[in-house]
Amino acid sequence: MDFNMKKLASDAGIFFTRAVQFTEEKFGQAEKTELDAHFENLLARADSTKNWTERILRQTEVLLQPNPSVRVEEFLYEKLDRKVPSRVTNGELLAQYMAEAASELGPTTPYGKTLIQVSEAEKRLGAAERDFIHAASISFLTPLRNFLEGDWKTISKERRLLQNRRLDLDACKARLKKAKAAEAKATLWNDEVDKAEQELRVAQTEFDRQAEVTRLLLEGISSTHVNHLRCLHEFVKSQATYYAQGYRHMLDLQKQLGRFPGTFVGTTEPASPPLSSTSPTTAAATMPVVPTAAGLAPPGEAALCVEEVAPSASGTRKARVLYDYEAADSSELALLADELITVYSLPGMDPDWLIGERGNKKGKVPVTYLELLS
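Residues numbered from 1 in each chain as written. Predicted model: local features only at pLDDT ≥ 70, side-chain atom pairs only at ≥ 80, totals over all residues. Heavy atoms only, no water.

1. Remarks on the sheet that holds strand β5 (residues 370–372)
Here is the rule we go by: Only when DSSP finds a minimum of two bridges between them are two strands counted as paired. Secondary structure elements are taken from DSSP: a helix is a run of H or I of four residues or more, a strand is a run of E of two residues or more, and numbering for both begins at the N terminus. Note on method: axes are straight lines fitted to C-alpha atoms, helices fitted across the in-contact stretch only, with angles between N-to-C directions ranging 0 to 180 degrees.
Sheet architecture is open: five strands sit in the order β4-β3-β2-β1-β5, paired in antiparallel fashion. Two strands bound the open sheet, and with one partner strand each, they are β4 (361–366) and β5. Taking each pair of neighbouring strands and ignoring which way they run, the sheet shows an average axis angle of 40 degrees. Examined bridge by bridge, strand β1 (residues 317–321) and strand β2 (residues 340–344) share four bridges and lie antiparallel to one another. If you follow A319 over to β2, its bridge partner there is I341.

Below, the structure written as C-alpha coordinates:
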(Lines give C-alpha, C1' and ligand atoms only; values in the text may rest on other atoms or scores of the structure.)
Protein backbone atom coordinates (compact mmCIF):
# COMPACT_ATOMS: atom_id res chain seq x y z
CA MET A 1 0.00 0.00 0.00
CA ASP A 2 2.83 2.39 0.97
CA PHE A 3 4.63 1.51 -2.27
CA ASN A 4 1.57 2.36 -4.36
CA MET A 5 1.11 5.65 -2.56
CA LYS A 6 4.73 6.56 -3.09
CA LYS A 7 4.47 5.68 -6.79
CA LEU A 8 1.34 7.80 -7.20
CA ALA A 9 3.05 10.68 -5.44
CA SER A 10 6.11 10.29 -7.67
CA ASP A 11 3.99 10.21 -10.84
CA ALA A 12 2.09 13.28 -9.69
CA GLY A 13 5.37 15.06 -9.03
CA ILE A 14 6.71 14.22 -12.49
CA PHE A 15 3.47 15.34 -14.13
CA PHE A 16 3.56 18.62 -12.20
CA THR A 17 7.19 19.25 -13.14
CA ARG A 18 6.44 18.65 -16.83
CA ALA A 19 3.38 20.90 -16.68
CA VAL A 20 5.42 23.70 -15.12
CA GLN A 21 8.19 23.28 -17.71
CA PHE A 22 5.71 23.28 -20.60
CA THR A 23 3.92 26.38 -19.28
CA GLU A 24 7.16 28.30 -18.78
CA GLU A 25 8.25 27.41 -22.31
CA LYS A 26 5.01 28.75 -23.71
CA PHE A 27 5.51 32.04 -21.90
CA GLY A 28 9.17 32.22 -22.89
CA GLN A 29 10.35 31.84 -19.31
CA ALA A 30 12.31 28.60 -19.87
CA GLU A 31 14.68 27.27 -22.49
CA LYS A 32 13.56 24.49 -24.81
CA THR A 33 15.69 21.79 -26.39
CA GLU A 34 15.12 22.04 -30.14
CA LEU A 35 15.14 19.05 -32.48
CA ASP A 36 17.39 19.17 -35.54
CA ALA A 37 15.99 20.25 -38.94
CA HIS A 38 15.95 16.68 -40.33
CA PHE A 39 13.90 15.47 -37.38
CA GLU A 40 11.45 18.37 -37.74
CA ASN A 41 11.05 17.56 -41.44
CA LEU A 42 10.28 13.94 -40.56
CA LEU A 43 7.64 15.09 -38.09
CA ALA A 44 6.01 17.41 -40.64
CA ARG A 45 6.03 14.69 -43.30
CA ALA A 46 4.43 12.20 -40.91
CA ASP A 47 1.69 14.66 -39.91
CA SER A 48 0.95 15.45 -43.55
CA THR A 49 0.76 11.75 -44.40
CA LYS A 50 -1.66 11.12 -41.54
CA ASN A 51 -3.91 14.08 -42.40
CA TRP A 52 -4.17 13.28 -46.11
CA THR A 53 -4.63 9.57 -45.46
CA GLU A 54 -7.62 10.41 -43.25
CA ARG A 55 -9.14 12.67 -45.92
CA ILE A 56 -8.63 10.17 -48.74
CA LEU A 57 -10.03 7.36 -46.58
CA ARG A 58 -13.17 9.31 -45.64
CA GLN A 59 -13.89 10.46 -49.19
CA THR A 60 -13.35 6.96 -50.60
CA GLU A 61 -15.86 5.68 -48.04
CA VAL A 62 -18.31 8.32 -49.29
CA LEU A 63 -17.66 7.22 -52.88
CA LEU A 64 -18.32 3.57 -52.10
CA GLN A 65 -21.29 4.24 -49.79
CA PRO A 66 -22.94 7.68 -50.31
CA ASN A 67 -25.55 7.06 -47.58
CA PRO A 68 -24.13 8.53 -44.31
CA SER A 69 -26.48 6.59 -42.03
CA VAL A 70 -25.41 3.30 -43.63
CA ARG A 71 -21.74 4.28 -43.19
CA VAL A 72 -22.34 4.95 -39.49
CA GLU A 73 -24.12 1.62 -39.12
CA GLU A 74 -21.28 -0.25 -40.83
CA PHE A 75 -18.76 1.56 -38.60
CA LEU A 76 -20.64 0.43 -35.48
CA TYR A 77 -20.73 -3.16 -36.72
CA GLU A 78 -16.96 -3.08 -37.24
CA LYS A 79 -16.32 -1.62 -33.79
CA LEU A 80 -18.52 -4.31 -32.23
CA ASP A 81 -16.60 -6.90 -34.26
CA ARG A 82 -19.80 -8.12 -35.88
CA LYS A 83 -20.41 -9.03 -39.50
CA VAL A 84 -21.89 -6.24 -41.58
CA PRO A 85 -25.26 -7.37 -43.01
CA SER A 86 -25.41 -7.88 -46.76
CA ARG A 87 -27.30 -5.14 -48.60
CA VAL A 88 -28.63 -4.90 -52.13
CA THR A 89 -27.06 -2.17 -54.25
CA ASN A 90 -29.13 0.62 -55.74
CA GLY A 91 -28.86 -1.02 -59.15
CA GLU A 92 -30.12 -4.34 -57.83
CA LEU A 93 -33.03 -2.61 -56.07
CA LEU A 94 -33.95 -0.79 -59.28
CA ALA A 95 -33.78 -4.10 -61.15
CA GLN A 96 -36.17 -5.63 -58.62
CA TYR A 97 -38.69 -2.79 -59.02
CA MET A 98 -38.54 -2.99 -62.82
CA ALA A 99 -39.06 -6.74 -62.80
CA GLU A 100 -42.07 -6.40 -60.49
CA ALA A 101 -43.48 -3.59 -62.64
CA ALA A 102 -43.14 -5.72 -65.77
CA SER A 103 -44.91 -8.60 -64.07
CA GLU A 104 -47.84 -6.39 -63.11
CA LEU A 105 -48.05 -4.25 -66.25
CA GLY A 106 -47.69 -7.16 -68.66
CA PRO A 107 -44.44 -8.96 -69.44
CA THR A 108 -45.50 -9.60 -73.06
CA THR A 109 -46.14 -5.93 -73.91
CA PRO A 110 -43.37 -3.85 -75.51
CA TYR A 111 -43.02 -1.84 -72.32
CA GLY A 112 -42.99 -4.93 -70.15
CA LYS A 113 -40.40 -6.69 -72.32
CA THR A 114 -38.15 -3.62 -72.20
CA LEU A 115 -38.55 -3.35 -68.43
CA ILE A 116 -37.43 -6.95 -68.10
CA GLN A 117 -34.37 -6.42 -70.30
CA VAL A 118 -33.36 -3.22 -68.52
CA SER A 119 -33.96 -4.97 -65.19
CA GLU A 120 -31.52 -7.73 -66.10
CA ALA A 121 -28.91 -5.17 -67.15
CA GLU A 122 -29.34 -3.19 -63.92
CA LYS A 123 -28.99 -6.39 -61.94
CA ARG A 124 -25.67 -7.10 -63.65
CA LEU A 125 -24.57 -3.52 -63.00
CA GLY A 126 -25.48 -3.92 -59.33
CA ALA A 127 -23.45 -7.11 -59.08
CA ALA A 128 -20.47 -5.38 -60.72
CA GLU A 129 -20.81 -2.51 -58.24
CA ARG A 130 -20.86 -4.96 -55.33
CA ASP A 131 -17.66 -6.60 -56.61
CA PHE A 132 -15.99 -3.20 -56.98
CA ILE A 133 -16.93 -2.11 -53.45
CA HIS A 134 -15.64 -5.38 -52.03
CA ALA A 135 -12.36 -5.20 -53.97
CA ALA A 136 -11.78 -1.52 -53.12
CA SER A 137 -12.48 -2.14 -49.43
CA ILE A 138 -9.94 -4.93 -49.21
CA SER A 139 -7.18 -3.55 -51.44
CA PHE A 140 -7.44 0.15 -50.58
CA LEU A 141 -9.52 1.08 -47.52
CA THR A 142 -8.20 -1.66 -45.24
CA PRO A 143 -4.49 -0.73 -45.69
CA LEU A 144 -5.29 2.94 -45.03
CA ARG A 145 -7.20 2.07 -41.88
CA ASN A 146 -4.42 -0.25 -40.74
CA PHE A 147 -1.94 2.60 -41.01
CA LEU A 148 -4.11 5.03 -39.05
CA GLU A 149 -5.12 2.52 -36.37
CA GLY A 150 -1.77 0.72 -36.16
CA ASP A 151 1.43 2.41 -37.32
CA TRP A 152 0.20 5.94 -36.66
CA LYS A 153 -0.91 5.13 -33.11
CA THR A 154 2.54 3.68 -32.43
CA ILE A 155 4.22 6.79 -33.85
CA SER A 156 1.95 9.05 -31.78
CA LYS A 157 2.71 7.12 -28.60
CA GLU A 158 6.47 7.35 -29.14
CA ARG A 159 6.19 11.06 -29.98
CA ARG A 160 4.39 11.68 -26.69
CA LEU A 161 7.13 9.78 -24.87
CA LEU A 162 9.74 11.88 -26.66
CA GLN A 163 7.91 15.05 -25.63
CA ASN A 164 7.92 13.91 -22.00
CA ARG A 165 11.61 13.02 -22.16
CA ARG A 166 12.39 16.45 -23.57
CA LEU A 167 10.40 18.18 -20.83
CA ASP A 168 12.25 16.11 -18.21
CA LEU A 169 15.58 16.97 -19.83
CA ASP A 170 14.85 20.68 -19.91
CA ALA A 171 13.58 20.59 -16.32
CA CYS A 172 16.89 18.96 -15.28
CA LYS A 173 18.81 21.63 -17.17
CA ALA A 174 16.86 24.31 -15.33
CA ARG A 175 17.51 22.67 -11.93
CA LEU A 176 21.22 22.37 -12.63
CA LYS A 177 21.35 26.00 -13.69
CA LYS A 178 19.67 27.06 -10.45
CA ALA A 179 21.95 24.79 -8.38
CA LYS A 180 25.08 26.31 -9.90
CA ALA A 181 23.72 29.79 -9.34
CA ALA A 182 23.05 28.96 -5.67
CA GLU A 183 26.50 27.37 -5.31
CA ALA A 184 28.09 30.53 -6.61
CA LYS A 185 26.40 32.38 -3.78
CA ALA A 186 27.66 29.74 -1.30
CA THR A 187 24.12 28.90 -0.27
CA LEU A 188 24.10 25.33 -1.60
CA TRP A 189 26.33 22.34 -0.92
CA ASN A 190 28.37 20.82 -3.74
CA ASP A 191 26.45 17.52 -3.47
CA GLU A 192 23.26 19.25 -4.66
CA VAL A 193 25.05 20.31 -7.84
CA ASP A 194 26.39 16.79 -8.29
CA LYS A 195 22.88 15.40 -7.89
CA ALA A 196 21.51 17.82 -10.48
CA GLU A 197 24.29 16.91 -12.91
CA GLN A 198 23.60 13.19 -12.42
CA GLU A 199 19.86 13.73 -13.09
CA LEU A 200 20.71 15.69 -16.21
CA ARG A 201 22.94 12.90 -17.55
CA VAL A 202 20.19 10.33 -17.01
CA ALA A 203 17.58 12.58 -18.62
CA GLN A 204 19.85 13.26 -21.61
CA THR A 205 20.43 9.52 -22.12
CA GLU A 206 16.71 8.74 -22.00
CA PHE A 207 15.93 11.61 -24.35
CA ASP A 208 18.57 10.52 -26.88
CA ARG A 209 17.33 6.92 -26.77
CA GLN A 210 13.71 7.97 -27.28
CA ALA A 211 14.65 10.37 -30.07
CA GLU A 212 16.35 7.52 -31.94
CA VAL A 213 13.32 5.23 -31.57
CA THR A 214 10.98 7.98 -32.78
CA ARG A 215 13.26 8.90 -35.68
CA LEU A 216 13.31 5.31 -36.95
CA LEU A 217 9.51 5.15 -36.84
CA LEU A 218 9.19 8.46 -38.69
CA GLU A 219 11.60 7.33 -41.38
CA GLY A 220 9.33 4.31 -41.87
CA ILE A 221 6.75 6.70 -43.39
CA SER A 222 8.59 6.22 -46.70
CA SER A 223 7.68 2.52 -46.62
CA THR A 224 4.09 3.54 -45.86
CA HIS A 225 4.03 5.66 -49.02
CA VAL A 226 5.29 2.73 -51.09
CA ASN A 227 2.59 0.47 -49.67
CA HIS A 228 -0.15 3.06 -50.25
CA LEU A 229 1.09 3.55 -53.81
CA ARG A 230 0.66 -0.16 -54.50
CA CYS A 231 -2.82 -0.06 -52.95
CA LEU A 232 -3.72 2.95 -55.09
CA HIS A 233 -2.83 1.00 -58.23
CA GLU A 234 -5.09 -1.83 -57.08
CA PHE A 235 -7.92 0.65 -56.45
CA VAL A 236 -7.59 2.13 -59.94
CA LYS A 237 -7.52 -1.36 -61.45
CA SER A 238 -10.72 -2.45 -59.68
CA GLN A 239 -12.48 0.81 -60.56
CA ALA A 240 -11.47 0.53 -64.22
CA THR A 241 -12.76 -3.05 -64.29
CA TYR A 242 -16.06 -1.91 -62.78
CA TYR A 243 -16.58 0.86 -65.34
CA ALA A 244 -15.59 -1.44 -68.20
CA GLN A 245 -18.14 -4.02 -67.07
CA GLY A 246 -20.79 -1.29 -66.85
CA TYR A 247 -19.94 -0.11 -70.34
CA ARG A 248 -20.22 -3.61 -71.78
CA HIS A 249 -23.52 -4.31 -70.01
CA MET A 250 -25.08 -1.08 -71.26
CA LEU A 251 -23.73 -1.54 -74.77
CA ASP A 252 -25.30 -5.00 -74.90
CA LEU A 253 -28.55 -3.56 -73.57
CA GLN A 254 -28.63 -0.84 -76.22
CA LYS A 255 -28.09 -3.40 -78.95
CA GLN A 256 -30.91 -5.53 -77.56
CA LEU A 257 -33.28 -2.57 -77.33
CA GLY A 258 -32.33 -1.54 -80.86
CA ARG A 259 -33.75 -4.84 -82.14
CA PHE A 260 -37.07 -4.34 -80.36
CA PRO A 261 -39.80 -3.23 -82.77
CA GLY A 262 -41.54 -0.11 -81.60
CA THR A 263 -38.81 0.87 -79.12
CA PHE A 264 -38.62 4.63 -78.69
CA VAL A 265 -35.19 6.04 -77.93
CA GLY A 266 -34.16 9.69 -77.57
CA THR A 267 -31.73 11.38 -79.92
CA THR A 268 -28.13 10.59 -79.11
CA GLU A 269 -25.15 12.93 -79.17
CA PRO A 270 -21.91 12.22 -81.04
CA ALA A 271 -19.63 10.34 -78.70
CA SER A 272 -16.23 8.73 -78.36
CA PRO A 273 -15.40 5.56 -80.30
CA PRO A 274 -16.46 2.19 -78.89
CA LEU A 275 -13.48 0.36 -77.44
CA SER A 276 -12.56 -3.28 -77.21
CA SER A 277 -13.51 -5.00 -73.97
CA THR A 278 -10.09 -6.66 -73.83
CA SER A 279 -8.68 -3.71 -71.88
CA PRO A 280 -10.84 -2.75 -68.90
CA THR A 281 -8.85 0.41 -68.24
CA THR A 282 -9.15 1.63 -71.82
CA ALA A 283 -12.77 0.61 -72.17
CA ALA A 284 -13.69 2.52 -69.06
CA ALA A 285 -11.99 5.68 -70.29
CA THR A 286 -14.37 6.51 -73.16
CA MET A 287 -17.83 5.02 -73.44
CA PRO A 288 -19.78 5.93 -76.55
CA VAL A 289 -23.53 6.11 -76.82
CA VAL A 290 -24.48 3.66 -79.51
CA PRO A 291 -27.45 4.68 -81.68
CA THR A 292 -30.45 2.51 -81.13
CA ALA A 293 -33.74 1.92 -82.88
CA ALA A 294 -31.63 0.89 -85.89
CA GLY A 295 -33.86 2.77 -88.29
CA LEU A 296 -36.62 0.22 -87.85
CA ALA A 297 -39.98 1.00 -89.28
CA PRO A 298 -42.74 1.95 -86.83
CA PRO A 299 -45.30 -0.76 -86.03
CA GLY A 300 -47.67 -1.38 -88.87
CA GLU A 301 -45.32 -0.16 -91.62
CA ALA A 302 -43.35 -2.35 -93.96
CA ALA A 303 -39.74 -3.02 -92.96
CA LEU A 304 -36.99 -1.52 -95.09
CA CYS A 305 -35.56 -3.91 -97.71
CA VAL A 306 -31.97 -2.75 -98.11
CA GLU A 307 -31.30 -4.66 -101.32
CA GLU A 308 -34.09 -2.81 -103.14
CA VAL A 309 -33.24 0.76 -102.09
CA ALA A 310 -31.64 3.25 -104.47
CA PRO A 311 -30.18 6.73 -103.94
CA SER A 312 -32.80 9.45 -103.61
CA ALA A 313 -33.06 12.46 -105.86
CA SER A 314 -30.99 14.47 -103.38
CA GLY A 315 -27.94 12.39 -104.40
CA THR A 316 -25.13 10.76 -102.47
CA ARG A 317 -22.24 11.95 -100.33
CA LYS A 318 -18.92 10.58 -99.23
CA ALA A 319 -18.33 9.90 -95.56
CA ARG A 320 -15.33 8.88 -93.51
CA VAL A 321 -15.92 6.26 -90.83
CA LEU A 322 -14.84 7.49 -87.40
CA TYR A 323 -15.06 4.24 -85.42
CA ASP A 324 -15.44 0.53 -86.04
CA TYR A 325 -19.06 -0.61 -86.00
CA GLU A 326 -20.37 -4.17 -85.84
CA ALA A 327 -23.61 -4.70 -87.74
CA ALA A 328 -26.47 -5.80 -85.49
CA ASP A 329 -28.27 -7.67 -88.29
CA SER A 330 -28.26 -8.22 -92.06
CA SER A 331 -29.91 -4.85 -92.73
CA GLU A 332 -26.89 -2.96 -91.37
CA LEU A 333 -23.46 -2.42 -92.87
CA ALA A 334 -20.38 -3.18 -90.76
CA LEU A 335 -17.85 -0.35 -90.68
CA LEU A 336 -14.11 -0.02 -90.20
CA ALA A 337 -12.52 3.15 -88.86
CA ASP A 338 -11.03 5.54 -91.48
CA GLU A 339 -12.60 3.88 -94.51
CA LEU A 340 -14.58 5.94 -97.04
CA ILE A 341 -18.12 4.95 -97.97
CA THR A 342 -20.99 6.42 -99.99
CA VAL A 343 -24.06 7.43 -98.02
CA TYR A 344 -27.55 8.78 -98.72
CA SER A 345 -30.87 9.09 -96.96
CA LEU A 346 -34.35 7.88 -97.84
CA PRO A 347 -37.66 9.66 -97.30
CA GLY A 348 -39.14 8.87 -93.89
CA MET A 349 -35.95 7.22 -92.67
CA ASP A 350 -34.76 7.65 -89.07
CA PRO A 351 -32.50 10.76 -89.13
CA ASP A 352 -29.96 8.97 -86.93
CA TRP A 353 -29.28 6.52 -89.77
CA LEU A 354 -28.21 6.61 -93.41
CA ILE A 355 -27.86 4.03 -96.16
CA GLY A 356 -24.20 3.24 -96.69
CA GLU A 357 -22.59 1.58 -99.71
CA ARG A 358 -19.16 -0.01 -100.03
CA GLY A 359 -18.61 -1.72 -103.36
CA ASN A 360 -21.54 -4.06 -103.91
CA LYS A 361 -22.51 -4.07 -100.22
CA LYS A 362 -25.06 -1.73 -98.69
CA GLY A 363 -26.88 -1.34 -95.42
CA LYS A 364 -27.95 1.04 -92.72
CA VAL A 365 -25.16 2.90 -90.88
CA PRO A 366 -25.35 5.15 -87.78
CA VAL A 367 -24.75 8.85 -88.46
CA THR A 368 -22.76 9.33 -85.23
CA TYR A 369 -20.08 6.97 -86.54
CA LEU A 370 -19.51 9.08 -89.67
CA GLU A 371 -17.85 12.31 -90.73
CA LEU A 372 -19.80 13.59 -93.72
CA LEU A 373 -17.52 15.04 -96.37
CA SER A 374 -18.50 17.93 -98.63
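2. Regarding unusual backbone geometry
Positive phi values are uncommon outside glycine, yet D338 reaches one of about 80 degrees. When you line up the elements, D338 lands in the loop between β1 and β2.

3. A word on the packing of aromatic side chains
The test is simple: A pair of aromatic rings is counted whenever rings of Phe, Tyr or Trp (Trp by its six-membered ring) have centres within 6.5 Å, and the orientation is called stacked for planes under 30 degrees apart, edge-to-face for over 60 and tilted otherwise. The buried label goes to any residue with under 20% of its type's maximum accessible area, the exposed label to any with over 50%, and the partly exposed label to all in between, with areas taken from a 1.4 Å probe on protein chains only. Our definition puts a charge over a ring when NZ of Lys or CZ of Arg is within 6 Å of the ring centre and also within 35 degrees of the ring normal.
Using the criterion set out here, one finds eight aromatic pairs in the structure. Arranged with centres 4.8 Å apart and planes meeting at 25 degrees, the rings of F140 and F235 form a pair that is stacked. Within this pair, whereas F140 is found in helix α5 (residues 110–184), its partner F235 is found in helix α7 (residues 221–258), the two being separated by 95 residues in sequence. Residue classification places F235 among the buried residues on the basis of a relative accessible area of 10%. Centroid distance F147 to W152: 6.3 Å. Interplanar angle 50 degrees. Geometry classified as tilted. Grouped by ring-pair contacts, the aromatic residues F132, F140, F235, Y242 and Y243 constitute a single cluster. Directly above the aromatic system of W52 lies the positively charged group of R55, at a separation of 4.5 Å from the ring centroid.

4. A look at the environment of H134
By the secondary structure assignment, H134 is in helix α5. The exposure class assigned to H134 is exposed, which follows from its relative accessible area of 52%. Separated by 104 residues in sequence, H134 and S238 place their C-alpha atoms 9.5 Å apart.

5. As for a nonpolar patch on the surface
Just so we agree on the cut-off: By definition, no residue in a patch forms a salt bridge, and every one has over 30% relative accessible area; like charges are joined within 9 Å, nonpolar side chains (Val, Leu, Ile, Met, Phe, Trp, Tyr) within 5 Å. The accessible surface values rely on the Shrake-Rupley method and a 1.4 Å probe; as for residues, cover is taken only from the protein chains in view. Salt bridges, as used here, are contacts in which a Lys or Arg side-chain nitrogen is within 4 Å of a carboxyl oxygen on Asp or Glu.
Together, V72, F75 and L76 give the surface a local cluster of nonpolar side chains, amounting to about 280 Å² of exposed area. Turning to its location among the elements, L76 is positioned in helix α3 (residues 68–79). On the accessibility criterion, L76 (46% relative accessible area) is partly exposed.

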